[in-house]
Each structure stands twice: as C-alpha cells, then as structure tokens.
Amino acid sequence: MDTFTLLIVCTALYLIGCAVIGIYTSRVKVTKPSDFFLAGHALGPIVLSLAMMATVFSAWFILGHQGLTWQLGFPYIAHYAHIPLMAMLGLLIFGRQWAVGKRNGFITPSEMYGTYYDSELIRILVVIIAALYAIPYVALQLRGAGYVFNTLSGGKIDPTTGAVVLGVVVILYVFLGGLKAAAITDTIQGILLYLGGALLAITAVMILSNMSQGSGVVAQWYKGIVAQGNSYITIPETGKIWSWPYILTIAIATAGIYTSPSYTMLTFAASSPKIFKFQAFFIMALAMGFMYYIFSPLIGVGGKSIITKLANSDALTLELIFNHMSPWMFVVTALGILAAMNSTAAGYLANTSTILARDVYCRYINPDASPQRQVLMGRLMVLVIVLLAVIFSVSVLDYLVLLGTLATAFGMLMLPAILGVTYLPRITRAGVTAGLICGMIAVFLTYFYWRHPLGIHTGGWGLIVNSIVCFVVSSYTEKPSLERIKQTHGIWDKAVIEKITVSNKQKSIQA
Amino acid sequence: MLSGVPKSERWWLWAFFLWIFFSLGPGLLLANKPAFIGYFPVLYVWSLAFWVISLILTYFLGYKLTFTNISDDIEEGKEDVRREA
C-alpha cells in the first residue's frame with residue numbers, strides 16, 4: 001500500500017470513528033439541560049484533562065509553533081513558560097469555578113458572571129467575547145484542514161473538499177453528542193496530537209544523529225545554534241518584539257485562553273474538582289512542559305542544522321514529514337495535525353453553541369423552553385456557528401488570521417471578572433463592565449492602529465487597561481450583594497460574610 | 001481581601017510572582033548572555049531551571065496547599081435561566 005492510500009484509509013477510519021462516537025453519545029436521556037450541555041457533569045480525569053489539552057492546541061502547535069522555534073530560537077523558547085503558567089492559573093481558578101457552577105446550577109459562564117454581578121450587560125459582553133473567540137477559530141480550523149489535506153496528499157485532494165469533509169464530520173458528532181462527543185473524541189485526538197509532536201522530535205533526533213558522524217546528537221544540535229549568531233540565543237533590547245515585556249505579555253495573553261468562556265464551561269462539566277490537579281500537574285506542567293521544553297527545541301532548533309532555508313517557517317514540519325519519515329510515521333503525524341484542528345473546532349463549537357442557546361434563545365426568546373427544546377436549540381446553534389464561520393472565511397478571508405490572533409488577545413480580558421467570582425469579592429459590577437469595555441478598546445487600538453506599543457503585546461495592553469479600570473472603579477462602587485457572595489465565596493470561605501458585614505458597618509459609621 | 005486563602009499559604013502567591021518575574025519578566029535579563037553552559041545556551045538552561053521550579057510550585061498548589069482544595073460534596077443548584085439576583 002503506497003503512502004497516499006495508507007493516509008486516505010487511516011484518515012477515513014479516524015473520521016468514521018469520530019462519527020460513531022457522535023452517534024453513540026447522542027443516546028443520552030435528557031431530564032435536565034446539563035445532561036446534554038455539560039455531559040451530565042460526568043467528565044472524568046482522563047477525558048476532561050485530554051479534552052482541555054486538545055482544545056488548547058490547534059494545528060498551529062505542530063505547524064506554526066515548531067516553525068517559529070526554528071526561526072526565532074531561544075527568545076521564542078523563553079515564552080514557553082506560558083505552559084506552566086496555564087497549569088498554575090488553571091489550578092487557581094478551575095476548582096472554584098466548578099464549585100460556583102454546581103452550587104448555583106450554572107451551565108454557561110455568561111450565567112455565572114451575569115448572575116454574580118447582577119448585570120445583563122456583562123452577560124451579553126461574555127456572549128460576544130465567546131462568539132468573537134469561537135467563530136474565527138472554527139473558520140481557521142476548517143480552512144486549515146483544507147490546506148493540510150491538499151498539502152499532505154501532494155495536491156490530490158483539493159482544499160475545499162478537505163475543509164468540507166472535516167467540517168461535516170465535526171458538525172455531525174458535535175450536533176449529535178454535544179460536549180460529551182467533543183470531549184471523548186478530544187481524548188483520542190489529544191493522544192494523536194502528542195504522538196505527532198513526539199514523532200517529529202524522534203525524526204529530528206534520527207537526522208541529527210546521522211549528520212553528527214559519531215559526535216552525538218547534542219553536539220550536532222549545538223553546531224546548528226552556533227551558526228546562527230548571538231541574536232538566536234539572546235533576547236533583544238527592551239522595547240523590541242521578543243524583548244522581555246513582549247515575552248511576558250504574550251505569555252500572559254496566551255495563558256489567558258484558560259479564562260475564556262469555553263474553558264469555564266469545560267470546568268462545569270467535571271465530575272470532581274480533583275481532576276484539575278491531575279490536569280494541571282501531569283498533563284499541562286509535566287507532559288506538555290516536556291513537549292515544549294524538550295521536544296520543540298529538538299525539532300525547531302535542531303531543524304536549523306537540518307534545513308537552513310525555508311520559503312516560510314511553517315514549512316519546517318512539512319519538510320520533515322515529507323522527506324524524512326517512514327509511511328507509518330507520516331500517517332500518524334498527519335492524523336495528529338488533523339486531530340489538532342478537529343479537536344479545537346469541536347471544543348469551541350460545543351461550548352459556544354451552548355452559550356448561544358442558553359444565553360440568547362432561552363434567556364431572551366423562550367425562558368420556558370423544556371430541556372429537550374434547549375438541546376434542540378443547542379444543536380441548531382452548532383449549524384449557525386459553522387455557517388457564520390463559513391461566511392467569515394469567504395467574506396473576510398484576508399482578515400481571518402488577523403481575527404484569530406485578535407481572539408487570543410481577548411482571552412485574558414475575563415481575568416478580573418473571574419478573580420471577582422473566585423478570590424476578590426470587592427470587585428464590582430461597574431468595575432468589571434468598565435474594565436471589559438476599556439480592555440476591548442485597548443485591544444483594538446493596540447492591534448489595528450498602534451501595534452504592540454513599548455514592545456508590549458496587544459493582549460498585555462488589554463489586561464493592563466482592563467485591570468486598572470476595574471480595580472479603580474470597583475473601589476468606588478457598590479459591591480455584589482451579600483447573598484451572591486454567600487453563594488460563591490461562602491462555599492470555600494465561611495468567614496467572608498462576617499468580614500464584609502463588619503467592613504460595611506465601619507463604612508456606614510464613617511459616613 | 002483574598003477570600004479563602006489562609007495567611008500561612010500566602011507565601012505561594014509571592015513565590016508565584018517571583019517565578020513570573022524571573023521566568024518571563026525582567027529577571028530574564030540575568031540570563032541574557034551570548035554564552036553556553038556545555039552545549040546549551042544560558043537562556044535555555046535558565047528556562048529549563050524555571051520549568052522545574054514551576055513543577056514544584058504546581059505540585060504544592062495542587063497537592064499540598066488547602067486553598068485550591070474544593071470539596072466534591074456541594075449541593076446542586078437549579079438550572080434556571082430566569083434567576084434574578
């Protein structure tokens with residue numbers, strides 16, 4: 001069997017497997033909305049941990065990320081600290097979000113923020129942020145799938161066919177099985193994604209070993225670095241791209257993906273908050289840390305010894321796949337790339353369709369909708385998002401990558417609002433609203449008009465402006481009600497009500 | 001006021017900010033030298049060292065400290081979109 005036939009057979013089996021999982025998971029008895037929207041609060045440690053990982057890492061992880069390591073070297077590697085940062089951020093907020101969700105019966109993050117801050121505007125802003133995040137991401141994954149199918153098949157499959165095939169399969173299993181189908185397929189896809197990265201590293205080691213003529217892989221790796229000069233191993237002066245302010249702020253913006261609405265929903269679906277310990281330590285900090293700190297430098301930096309010139313940095317992975325892998329390694333890595341796209345699209349589709357169904361349809365159009373009606377609407381929203389993604393990818397093709405990058409910058413904007421719910425009861429509705437609006441404006445301005453001023457990433461500006469405005473406004477405005485704080489902070493801090501009551505009394509005496 | 005973080009565990013937050021300072025912030029400049037330790041650039045050795053430190057911090061946060069320990073046993077609320085504050 002030639003490589004192309006093997007690729008087609010394995011891809012077909014993989015896609016059929018995804019569809020079968022969708023059909024299997026669709027046979028769920030819905031007695032309350034969370035049975036479908038949150039997989040019955042039953043996602044266990046392996047499924048949830050790998051689903052979270054697979055949703056984070058899109059095909060960019062195998063293509064663009066390795067290429068940028070090749071191109072930029074160790075200043076780029078310095079920002080890998082966003083991986084353990086995500087692990088710690090997840091541990092800080094996931095368990096408490098889970099508890100707040102369960103105690104209050106929240107299904108979507110917009111319900112959590114809208115109810116806690118008693119604000120329809122905040123609820124609507126969260127829906128807008130979720131949609132701004134999901135639609136360009138889904139569009140990018142579908143277009144990317146077309147490109148990858150076309151490239152890996154040596155031009156035998158045209159890009160539109162590839163995009164349609166992946167799109168139809170993703171729609172099918174998310175439509176049928178919702179978050180449960182997305183999570184189970186993501187488990188398998190997470191493993192494929194990791195295998196793809198590991199095989200690329202093994203390939204790089206084998207090539208470096210052959211090139212070294214007995215001096216060793218590390219010595220050959222070192223030769224490739226020395227040939228690049230000092231700019232490859234040192235960060236530039238402050239104010240430039242990839243100087244420390246840029247590294248710091250792009251890492252924080254990237255870690256901010258964990259504060260975006262989709263991950264809040266995933267935390268609500270966990271069967272236990274103990275899962276987040278396993279996810280943070282073993283999956284993110286340890287396994288993904290190893291992938292980033294050990295495998296990626298082998299692939300990217302090692303690639304400098306193997307390939308000195310490329311048309312664009314994305315081509316590094318494709319060059320290694322096409323010219324240096326056996327047919328089976330080729331097929332597994334190719335499936336890893338497709339799995340990465342598939343899992344990212346599925347994760348955002350499942351979560352955002354639920355947000356639209358619950359926070360738009362149920363909240364404003366039909367508040368008396370039965371659980372079955374809500375599920376039907378959630379399924380229809382999957383189609384609406386894909387339709388919007390297709391319209392986006394056709395009508396604003398030139399801006400699609402731009403919008404995808406912008407979506408990342410929006411991620412961290414939710415941080416002050418999340419801290420209000422989980423750690424800082426003094427953050428107020430007015431503070432969060434003003435912070436979110438000013439943060440969004442800062443992101444737009446520092447992306448479209450004055451790109452990365454002072455060498456600080458757009459996401460960093462969004463967070464700085466958002467946080468300052470939020471904390472200043474919060475210190476002069478009305479706190480969330482005691483009842484709300486009792487239903488949230490009261491879960492883990494029994495003394496919080498007393499502290500706030502005493503503080504309020506002191507203020508009224510002073511007044 | 002940080003809710004539910006005992007004073008005895010606040011050291012972790014300081015350690016976390018120090019970790020950010022050295023692994024992503026201006027502390028990176030301490031390792032910004034065009035030099036190698038063995039076959040490895042100083043900046044890479046620095047990054048690896050702070051990855052290992054992050055593993056210790058993550059382990060402590062997840063498995064040793066109490067403020068991220070949330071009980072499984074929480075009464076389930078009603079899933080109603082019409083709830084009012």
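This text gives an overview of the structure that appears in the document.

1. Here's the deal with the interface of chain B and chain A
Many authors give the size of an interface as the accessible area that is lost as the parts come together. Counting from both sides, the interface comprises 55 residues of chain B and, opposite them, 78 residues of chain A. The contact between chain B and chain A buries some 5,900 Å² in all, and 69% of this surface belongs to carbon and sulfur atoms. Considering only the side of chain B, the residues that lose the most area to chain A are M1, E79 and V81 of chain B, jointly responsible for 14% of the buried surface there. Between K274 of chain A and D72 of chain B there is a salt bridge, and its shortest N-O distance comes to 3.2 Å. Counting only elements with at least two residues in the side of chain B that touches chain A, the list comes to α1 (11-23), β2 (40-41) and α2 (42-64) of chain B. Element by element, the count of residues in the side of chain B that touches chain A is highest for α2 of chain B, at 13 residues. Class assignment of the residues belonging to the side of chain B that touches chain A gives a composition of 31 nonpolar, 14 polar and 10 charged.

2. Some points on empty space enclosed by the protein
Residues and elements named next belong to chain A. Scanning the model with the defined rule gives 6 cavities of 30 Å³ or more in all. By volume, the largest cavity amounts to about 50 Å³. For the lining of the largest cavity, the secondary-structure elements that each account for two or more residues are α2 (34-37), α9 (159-212), α15 (327-365) and α16 (371-395). Among the residues forming the lining of the largest cavity, the class breakdown is 6 nonpolar, 4 polar and no charged.

3. Comments concerning the layout of surface pockets
Estimated volume of the second largest pocket: approximately 820 Å³. Along the wall of the second largest pocket there are 31 residues; nearest its centre are L415 and L419 of chain A together with F16, F17 and I20 of chain B. Those elements that place two or more of their residues in the lining of the second largest pocket are α6 (82-104), α11 (244-255), α18 (415-422) and α20 (458-474) of chain A together with α1 of chain B. Counting residues per element, the lining of the second largest pocket draws most heavily on α1 of chain B, at 6 residues.

4. Concerning the pattern of salt bridges
Residue and element names in this part refer to chain A. Scanning the entire structure with this criterion turns up 8 salt bridges over all chains. The partner of E120 in a salt bridge is R363, and the shortest N-O contact between them spans 2.4 Å. A residue pair is termed long-range when its members are at least 10 positions apart, and E120 in helix α8 (residues 120-152) and R363 in helix α15 qualify at 243 residues. Salt bridges here are not isolated pairs; linked through shared partners, they connect E120, R123, D359 and R363.

5. Some words on the side chain of S343 of chain A
All names here are of chain A. Inspection of the secondary structure assignment puts S343 in helix α15. Note on S343: relative accessible area 1%, which makes it buried. One polar contact links the side chain of S343 to the main-chain carbonyl oxygen of A54, over a distance of 3.0 Å. Contacts of S343, omitting those with residues within four sequence positions, involve A54, T55, F57, D186 and Q189.

Conventions and cut-offs
- Residues numbered from 1 in each chain as written.
- Chains lettered and ligands numbered in written order.
- Predicted model: local features only at pLDDT ≥ 70, side-chain atom pairs only at ≥ 80, totals over all residues.
- Heavy atoms only, no water.
- Contact = heavy atoms within 4.5 Å.
- Buried area = accessible area lost by both parts, 1.4 Å probe.
- Salt bridge = Lys/Arg side-chain N within 4 Å of Asp/Glu carboxyl O.
- Helix = DSSP H or I, 4+ residues; strand = E, 2+ residues; numbered from the N terminus.
- Nonpolar A, V, L, I, M, F, W, Y, C, P; charged D, E, K, R; others polar.
- 1 Å grid on protein atoms, 1.4 Å probe; cavity = no way out; pocket = protein on both sides within 12 Å on 5 of 7 lines; lining within 4 Å.
- Points joined across faces, edges and corners; volume = space filled by probe spheres on them.
- Buried < 20%, exposed > 50% of the residue type's maximum accessible area, 1.4 Å probe, protein only.
- Polar contact = N/O pair within 3.5 Å; in protein donor to acceptor, adjacent residues only side chain to side chain.

So far we have only geometry, and geometry alone does not tell us how the molecule works.
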